[in-house]
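# Architecture and fold: a report
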Amino acid sequence: MGTQESYEQAGGTGRRALLGAAVLGAGGAVLGLSGTARAADARHGRGPGGLGDLPVPTVIGHRGASGYRPEHTFGAYELALDMGADIVEAGDLVPTRDGHLVCRHEPEIGGTTDVADHPEFADRKRTKLLDGVSTTGWFTEDFTLAELKTLRATERIPANRPHNTLYDGRWDIPTFEEVLRWQDEQTRRRGKQVWIYPELKHPTYFRKLGLGTEERLAKLLRRHGKDRKNSPVIIQSFEPTSIQRMNKLVGNPLAVLLSGANSRPWDFVETGDPRTTADLITPAGLKEIASYAQGIGPTLDLIIPRDSAGNLTEPTALVRDAHRAGLILHPYTMRNENPFLPANFRKGSDKDAYGDVFGAFQAYFATGIDGVFTDHPDTGLLAREEFVNR
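Counting of residues starts from 1 at the beginning of each chain's written sequence and follows it residue by residue. Per-residue local features of the predicted model are confined to residues with pLDDT of at least 70, and side-chain atom pairs are confined, for both listing and counting, to 80 or more; whole-chain, interface and lining totals are unaffected and use all residues. Side-chain numbers come from the whole structure's heavy atoms, not from hydrogens or water.

### A few points about the overall build of the protein
Put simply, the test is: A run of H or I in DSSP counts as a helix once it spans at least four residues, and a run of E counts as a strand once it spans at least two, with each numbered from the N terminus. Only protein chains enter the area calculation, which uses a 1.4 Å probe; residues under 20% of their type maximum are buried, those over 50% are exposed, and those in between are partly exposed. Residue contacts follow a heavy-atom distance rule, with two residues in contact if any of their heavy atoms lie within 4.5 Å. Areas reported here follow the Shrake-Rupley algorithm with a probe of radius 1.4 Å; residue values treat only the protein chains shown as occluding.
Counting secondary structure elements, the protein contains 15 helices and 13 strands. Of all 390 residues assigned to the protein, the portion counted as buried reaches 58%. At a minimum sequence separation of 6, the contacts of the protein that also span at least 24 residues come to 67%. When the accessible surface of the protein is totalled, it reaches about 15,000 Å², and 52% of it is carbon and sulfur.

Written out as structure tokens, the structure is:
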């Protein structure tokens with residue numbers, strides 16, 4: 001659809017209405033639903049088709065079950081489904097030199113593959129400016145897909161997850177087309193629709209390299225018949241203009257990711273837009289986002305800020321204001337380990353030990369969020385069960 005106006009006339013309102021079914025009640029805490037009512041919502045979802053079929057709060061496997069397997073591997077994706085995740089974030093999408101979209105946390109792959117162990121690629125090591133940050137390593141855009149397929153995935157944060165290094169080298173780098181085929185296969189095998197939640201990484205950076213990712217993603221979704229408003233694929237990006245571009249290319253549910261309040265999306269930096277995340281989360285900013293997207297993915301600190309000691313304080317008005325704008329909220333990222341939890345939910349000083357993650361989940365669920373990204377889907381599901389039945 002060529003313009004925002006034509007989008008509105010041709011069904012944009014309908015797409016937002018679809019999410020409106022998920023927004024109503026938003027986990028029960030907002031509308032004061034009983035535990036029994038919330039449990040029914042979690043079992044059956046709200047409304048026919050699309051996002052209305054998902055339980056609320058929705059548990060999203062962050063890069064798969066990345067608390068247990070190296071992220072963005074089919075091992076992590078399948079384990080997330082085995083654990084019961086409602087959605088799998090299958091794909092932080094970055095392009096290869098020959099234009100294929102692959103699933104890596106960042107275009108720099110020195111920290112998530114064994115590329116450093118490949119002498120044939122030693123001369124590919126570069127220092128580049130990635131969204132204004134000097135970054136040294138190996139970058140997907142300097143490799144063909146065939147070359148990337150010779151690499152194996154490794155654990156990204158071995159200091160926190162030494163147990164995950166057991167699985168280093170077991171899986172290769174998946175392409176997004178492989179993910180789409182895997183999604184169909186898993187849907188058939190499991191007898192239920194598998195949902196995925198890909199993210200467009202650094203789209204402005206790649207567009208300047210002549211590797212625009214939005215058009216490539218739209219082409220793949222159309223090829224596989226997954227470009228519609230009820231398709232089980234939610235698309236997200238930290239760059240609002242990238243989501244606006246996707247809004248014109250496909251009918252999928254869309255979400256704008258939001259970092260810290262004082263940060264600026266990189267596309268805003270490139271175009272001279274002075275607004276920060278703080279501007280985007282005002283009622284006016286949220287209303288604008290709702291004109292081209294159906295949801296937001298804020299950092300958890302935008303839901304409940306932390307004080308100088310790292311303890312949770314009082315919730316902000318973001319959940320209320322986003323729901324009033326017709327947006328759902330899927331904040332990121334819940335992790336079990338102490339270093340990633342608010343200080344008042346940590347236990348002991350062991351950097352690998354689990355803290356009181358169930359207590360943290362309850363605090364965030366109580367704000368009325370519609371779902372959450374987590375590296376540990378099994379923990380998230382148990383926390384949801386406790387929340388909806390309390």
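### Topic: the packing of aromatic side chains
To describe a pair of aromatic rings, one takes the distance between the centres and the angle between the planes. Using the following cut-off: Two rings from Phe, Tyr or Trp (for Trp, the six-membered ring) form a pair when their centres sit within 6.5 Å of each other. Planes less than 30 degrees apart are called stacked, planes more than 60 degrees apart edge-to-face, and all others tilted.
Following the criterion strictly, the structure yields ten aromatic pairs and no others. Arranged with centres 5.9 Å apart and planes meeting at 85 degrees, the rings of F74 and Y77 form a pair that is edge-to-face. One end of the pair is F74 and the other is Y77, both in helix α3 (residues 74–83) and three residues apart, which spans about a single turn. With respect to class, F74 is no different from Y77; both count as buried. Ring centres of Y197 and F373 lie 5.1 Å apart, and the angle between their planes is 55 degrees; on these two criteria the pair is classed as tilted.

### Some remarks on the sheet that holds strand β4 (residues 101–103)
This is how it is decided: Any two strands are treated as partners once DSSP identifies two or more bridges connecting them.
Taken together, seven strands build an open sheet; the order of strands is β4-β3-β8-β9-β10-β11-β12 and the sheet is mixed. Both outer strands of the open sheet, β4 and β12 (328–329), are each paired with one neighbouring strand and no more.

### Re the nonpolar core
Nonpolar side chains in soluble globular proteins tend to end up buried together. Heads up, the rule is: In this description, a nonpolar core means a group of buried Ala, Val, Leu, Ile, Met, Phe, Trp, Tyr and Cys residues linked to one another through side-chain atoms lying within 4.5 Å.
Among the nonpolar cores identified, the biggest contains 64 residues, and F176, V179, L217, I235, I296 and M334 are the most heavily contacted of them. Other than its neighbours up to four places away in sequence, V179 contacts F74, Y77, A90, C103, P174 and I196. One finds W138, F139, F206 and L211 within the second-largest nonpolar core, a separate group that totals 16 residues.

### Describing the environment of L166
You can see L166 is positioned in the loop between α4 (145–148) and α5 (176–190). According to the relative accessible area criterion, L166 is exposed, its value standing at 64%. Spatially, the C-alpha atoms of L166 and T154 are 9.3 Å apart, while their sequence positions differ by twelve residues.

### Structural notes on the sheet that holds strand β2 (residues 87–88)
Definition in use: As a rule, the C-alpha atoms of each element are fitted with a line to give its axis, helices using only the stretch in contact, and angles between N-to-C directions run from 0 to 180 degrees.
Spatial strand order, β7-β2-β1-β13: four strands in an open sheet with parallel pairing. Of all strands in the sheet, those bounded by a partner on one side alone are β7 (195–196) and β13 (371–374). Bridge count for strand β1 (residues 58–61) against β13 is four bridges, and the pairing is parallel. By the bridge assignment, I60 is partnered in β13 with F373. Against the sheet, helix α15 (residues 377–388) makes contact with β1 and β13, and its axis sits at roughly 175 degrees relative to β1, the strand it touches most.

### Details of the pattern of salt bridges
Applicable threshold: Any carboxyl oxygen of Asp or Glu within 4 Å of a side-chain nitrogen of Lys or Arg constitutes a salt bridge here.
Applying the stated criterion across every chain yields a total of 26 salt bridges. The partner of E106 in a salt bridge is K201, with the nearest N and O atoms 3.6 Å apart. Taken together, the residues span a long stretch of sequence, with E106 in the loop between β4 and β5 (126–130) and K201 in the loop between β8 (199–200) and α6 (203–208) at a distance of 95 residues. What makes E106 partly exposed here is its relative accessible area of 22%. One salt bridge connects K149 with D172, and the closest N-O pair in it is separated by 3.2 Å. Here K149, found in the loop between α4 and α5, pairs with D172, found in the loop between α4 and α5; they are 23 residues apart in sequence, far enough to count as distant. A relative accessible area of 25% places K149 in the partly exposed class. Linked by salt bridges that have partners in common, R63, E71, D92 and R156 make up one network.

### Topic: the pairing of strand β6 (residues 133–137)
Bridge count between β5 and β6: five bridges; the pairing is antiparallel. The partner of L129 across the bridge, within β6, is S134. Here β5 folds back onto β6, and the loop between the two strands holds two residues, one of which, D131, carries a positive phi near 50 degrees.

### Observations concerning the packing of α5 against helix α7 (residues 213–223)
What counts, and what does not: We call two directions roughly parallel when the angle between them is under 35 degrees, roughly antiparallel when it is over 145, roughly perpendicular when it lies between 65 and 115, and oblique otherwise. By definition, turning the near helix anticlockwise from the far helix through less than a right angle yields a left-handed crossing, and turning it clockwise yields a right-handed one. Side-chain classes follow a simple rule in which Ala, Val, Leu, Ile, Met, Phe, Trp, Tyr, Cys and Pro form the nonpolar group, Asp, Glu, Lys and Arg form the charged group, and the remainder, Gly included, forms the polar group.
With their axes 11 Å apart at the nearest point, α5 and α7 run at an angle of 30 degrees to one another. Classified by the angle their axes make, α5 and α7 are roughly parallel. For the element pair α5 and α7, the recorded crossing hand is right-handed. Residues F176, E177 and L180 of α5 form the contact with α7, whose own contacting residues are L217, L220, L221 and R223. Here the contact of α5 with α7 is built from residues that sort into five nonpolar, no polar and two charged.

### Regarding α5
This is how the line gets drawn: By this rule the span expected of a helix is its residue count minus one, scaled by 1.5 Å.
Along its 15 residues, α5 runs 20 Å from first to last C-alpha, staying within 8% of the 21 Å computed at 1.5 Å per residue. Among all positions in α5, only F176, E177, V179, L180, W182, Q183, Q186 and T187 are buried. The inward-facing, buried residues of α5 abut α3, β3 (92–95), β4, β7 and α7. Positive phi appears at G191, one or two residues downstream of α5, with a value of about 70 degrees.

### Things to note about the side chain of N160
For N160, the location among the structural elements is in the loop between α4 and α5. Overall, the relative accessible area of 14% leaves N160 in the buried class. The residues contacting N160, other than those within four sequence positions of it, are E337, P339, F340, K351 and D352.

### What about the packing of α7 against helix α8 (residues 240–249)?
At a closest axis distance of 10 Å, the pairing of α7 and α8 adopts a crossing angle of 35 degrees. In the crossing of α7 with α8, the sense of the turn from one axis to the other is right-handed. Taking contact as the criterion, the partners of E214, E215, L217, A218 and R222 in α7 are, on α8, S242, R245, M246 and L249. For the contact of α7 with α8, the residue count by class is four nonpolar, one polar and four charged.

Limitation: the analysis is restricted to geometry and does not speak to function.
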